[in-house]
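# Fold and contact review
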Amino acid sequence: MSSSILRCIKCHREFPENEILYACPSCSNLLEVVLPISELDSDELRESFDSRPLGVWRYKELLPNFKGKSPVSLDEGGTPLHRCVNLGKELGLKNLYIKFDGMNPTGSFKDRGMTVGITKARDLKVKAVVCASTGNTSASLAAYAGIAGIRCIVMIPSGKIALGKLSQAMMHGATVFEVQGNFDDALRLVMSSSKELGLYVLNSVNPFRPEGQKTAAYEIVDQLGEAPDSLVIPVGNGGNNAAYWKGFSEFKELGLAKKIPRIYGIQAEGAAPVAEAFRKGADRIKPVEKPETIATAIRIGNPANWLKTINAIRGSGGDCITVSDAEIISSQKRLAKIEGLFVEPAAAASFAGLIKLIGKGDIDKDEKIVCVATGHGLKDPDNAIKVSDKPVKIEASIKSLRANLRG
Ligand code: F0G
């Protein structure tokens, strides 16, 4: 069987899979891994997948081939597809599911991409890996680089990352730089310095990261028995929704799924260049200079994957819309209170977006709907405490307890 290649998403120039490239040297657009799908036998694939537990490496025939060596893995993927009975009743939806990817080993979907990205880094024998991050990428990269024994450098926007994520990067042993600026500034620094300093970049511009992330789409098809009608997902740097699109498209091409869901991207109002492009029907984004939102994970004004995102959302017949911080927090609380799912604010954006899409009539109430919850609520304890009722101080007596239970 021939191997995968790298291909520019715009001019389609092709490159060998082992070249270290993050963008096309001809037109500067991003690259994607292209599998030799026509050479694969879908019956054989189905049999192989079914013989393994749910998780990223269940689908190893559709992932980069690491010459028989085992991947650097923490058993990522295999996350729950939670059926929301209570919220479904509230909204009049019969088939509402949440793909809770906050249940990955480091608490976010990033682990799916990082197992593939770090395994690639190991094979390329790189000395050090680097990323810019709003928090989750850095937590995940630090954990996986630690297992592989590769030095890890992370650049985070000063003062704007959730405490849980920062503590993870520090505990897993990364060298952490707080960049004076926002995520976009940090990513610019990473991209302009990596070659000179010999650092391997593991942001989602690395074409191997999305390969791991696309397995969430495969899992949803296998958990539901078919692809859903609509998928609702938060958009920050724009890599994850494009990875889902790739995953669903590959399964459809292989005959392992009958359809591709409409993909609805959700951005926070204060950081919404992709939604703005959709509102205007534009073919490119206009970066937001000073992005701001309580959902710090998606506080991004100049998403590197903007073209992949536009292609994915348009190609699927979906849309990209915004939600306010108040809507995000209200959804976060609702999910925690009546579904038992504690997700971080960025992850709650997808559910907040769904409520809007139902209200606009874009999504039909009979559809099979999957909302992606990308990160765990414990990542951002400061926010959770700030938006919740405070604990009540009482004396250690029944009298005090009874008095305070009233009302
Ligand atoms: N949800 C969470 C919890 C995230 O951490 C991110 C991105 C997104 C959604 C958006 O995904 O960028 O692929 O569109 N976090 C990155 C980080 C930027 O550095 O952790 P995207």
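Located above this text is the structure these notes cover.
What you see is a predicted model; the values in this text were computed from it and never measured.

Of note in the backbone geometry, His12 takes a positive phi value of approximately 65 degrees without being a glycine. By secondary structure assignment, the location of His12 is in the loop between β1 (5-8) and β2 (14-16). A positive phi is found at Ser28, a non-glycine position, where the angle reads about 70 degrees. Take Ser28: it is sitting in the loop between β2 and β3 (31-34). For Ser28, a relative accessible area of 57% gives the class exposed.

So, on to the sheet that holds strand β7 (residues 151-157). Sheet strands line up and pair through hydrogen bonds in the backbone, either parallel or antiparallel. If you trace the 4 strands from one edge of the open sheet to the other, you get β8-β7-β6-β9, paired in parallel fashion. Pairing within the sheet leaves two strands with one partner each, and these edge strands are β8 (175-179) and β9 (200-201). One ladder, built from 5 bridges, connects strand β6 (residues 128-132) with β7; its direction is parallel. Bridge pairing in β7 places Val129 opposite Cys152.

A few words on a nonpolar patch on the surface. Taken together, the side chains of Val392, Ile394, Leu401 and Leu405 define a hydrophobic patch exposed on the protein surface, amounting to about 390 Å² of accessible area. Here Ile394 falls in the partly exposed class, since its relative accessible area comes to 42%.

Neighbouring the ligand are 21 residues, the closest being Ser133, Asn136, Asn237, Gly238 and Thr374. Between the ligand and Ser133, the relevant distance is 2.7 Å, taken from an oxygen atom to a side-chain nitrogen or oxygen of the residue. At 2.8 Å from an oxygen atom of the ligand is found a side-chain nitrogen or oxygen belonging to Asn136. Summarising the interface, the protein chains cover 98% of the accessible area of the ligand, which totals 470 Å² for the free molecule. Every element with two or more residues in the shell around the ligand is listed here: α4 (136-148) and α9 (239-253). Its residues assigned to classes, the shell around the ligand shows 7 nonpolar, 12 polar and 2 charged.

Here 6 strands make up an open sheet; going across it, the order is β4-β5-β13-β10-β11-β12 and the pairing mixed. Each of the sheet's edge strands pairs with one partner strand only, and the pair in question is β4 (81-83) and β12 (319-323). Taken over all neighbouring pairs, the strand axes of this sheet differ in orientation by 25 degrees on average, direction set aside. One ladder, built from 3 bridges, connects β4 with strand β5 (residues 95-100); its direction is antiparallel. Residue pairing across strands places Leu81 opposite Lys99, the latter belonging to β5. The strands touched by helix α10 (residues 273-280) within the sheet are β11 (262-268) and β12, with β12 carrying the most contacts at an inclination of about 125 degrees. Seen against the sheet, helix α11 (residues 306-316) touches β11 and β12 and runs at an angle of roughly 135 degrees to β11.

Glancing now at the nonpolar core. With 88 residues, the main nonpolar core has Leu62, Val129, Leu231, Tyr244 and Phe251 as its most contacted residues. Tallying contributions element by element places helix α8 (residues 215-224) first for this core, with 6 residues. With residues up to four places along the chain from it excluded, the contact list for Leu231 reads Ile220, Tyr244, Phe248, Pro261, Arg262, Ile263, Tyr264, Val370 and Val372. Listed in part, the 33 residues of the second largest apolar core include Leu91, Leu96, Val343 and Phe351.

All told, the structure shown has 30 salt bridges when counted by the stated rule. Between Asp222 and Arg46 there is a salt bridge, with the nearest N and O atoms lying 3.0 Å from each other. With Asp222 in helix α8 and Arg46 in helix α1 (residues 42-50), this residue pair connects regions lying 176 residues apart in the sequence. With a shortest N-O distance of 3.5 Å, Glu327 and Lys356 are connected by a salt bridge. One end of the pair, Glu327, is in helix α12 (residues 325-339); the other, Lys356, is in helix α13 (residues 345-360), with 29 residues separating them in the sequence. Classification of Glu327 as partly exposed rests on a relative accessible area of 30%.

Time to look at the packing of aromatic side chains. The description of an aromatic ring pair rests on the distance of the ring centres and on the angle between the ring planes. For the structure on display, the rule yields 7 aromatic pairs. With a centroid separation of 6.1 Å and 70 degrees between ring planes, the pair formed by Tyr59 and Phe251 is classed as edge-to-face. Note that Tyr59 is positioned in the loop between α1 and β4 and Phe251 in helix α9, a separation of 192 residues in sequence. Of the two residues examined, Tyr59 and Phe251, each falls in the buried class. Put simply, the rings of Phe49, Tyr59, Tyr218 and Phe251 pair up and form one aromatic cluster. In this arrangement the basic side chain of Arg314 is found over the ring face of Phe278, its NZ or CZ atom lying 4.7 Å from the centre.

Rules of the game
- Residues numbered from 1 in each chain as written.
- Predicted model: local features only at pLDDT ≥ 70, side-chain atom pairs only at ≥ 80, totals over all residues.
- Heavy atoms only, no water.
- Helix = DSSP H or I, 4+ residues; strand = E, 2+ residues; numbered from the N terminus.
- Buried < 20%, exposed > 50% of the residue type's maximum accessible area, 1.4 Å probe, protein only.
- Pairing = 2+ DSSP bridges.
- Patch = residues over 30% accessible without salt bridge, like charges linked within 9 Å, V, L, I, M, F, W, Y side chains within 5 Å.
- Areas by Shrake-Rupley, 256 points an atom, 1.4 Å probe, with all protein chains shown as cover.
- Salt bridge = Lys/Arg side-chain N within 4 Å of Asp/Glu carboxyl O.
- Near = heavy atom within 4 Å.
- Polar contact = N/O pair within 3.5 Å; in protein donor to acceptor, adjacent residues only side chain to side chain.
- Nonpolar A, V, L, I, M, F, W, Y, C, P; charged D, E, K, R; others polar.
- Axes fitted to C-alpha atoms, helices over the stretch in contact; angles between N-to-C directions.
- Contact = heavy atoms within 4.5 Å.
- Core = buried A, V, L, I, M, F, W, Y, C linked by side-chain atoms within 4.5 Å.
- Phe/Tyr/Trp six-rings, centres within 6.5 Å; stacked < 30°, edge-to-face > 60°.
- Lys NZ or Arg CZ within 6 Å of the ring centre and 35° of its normal.

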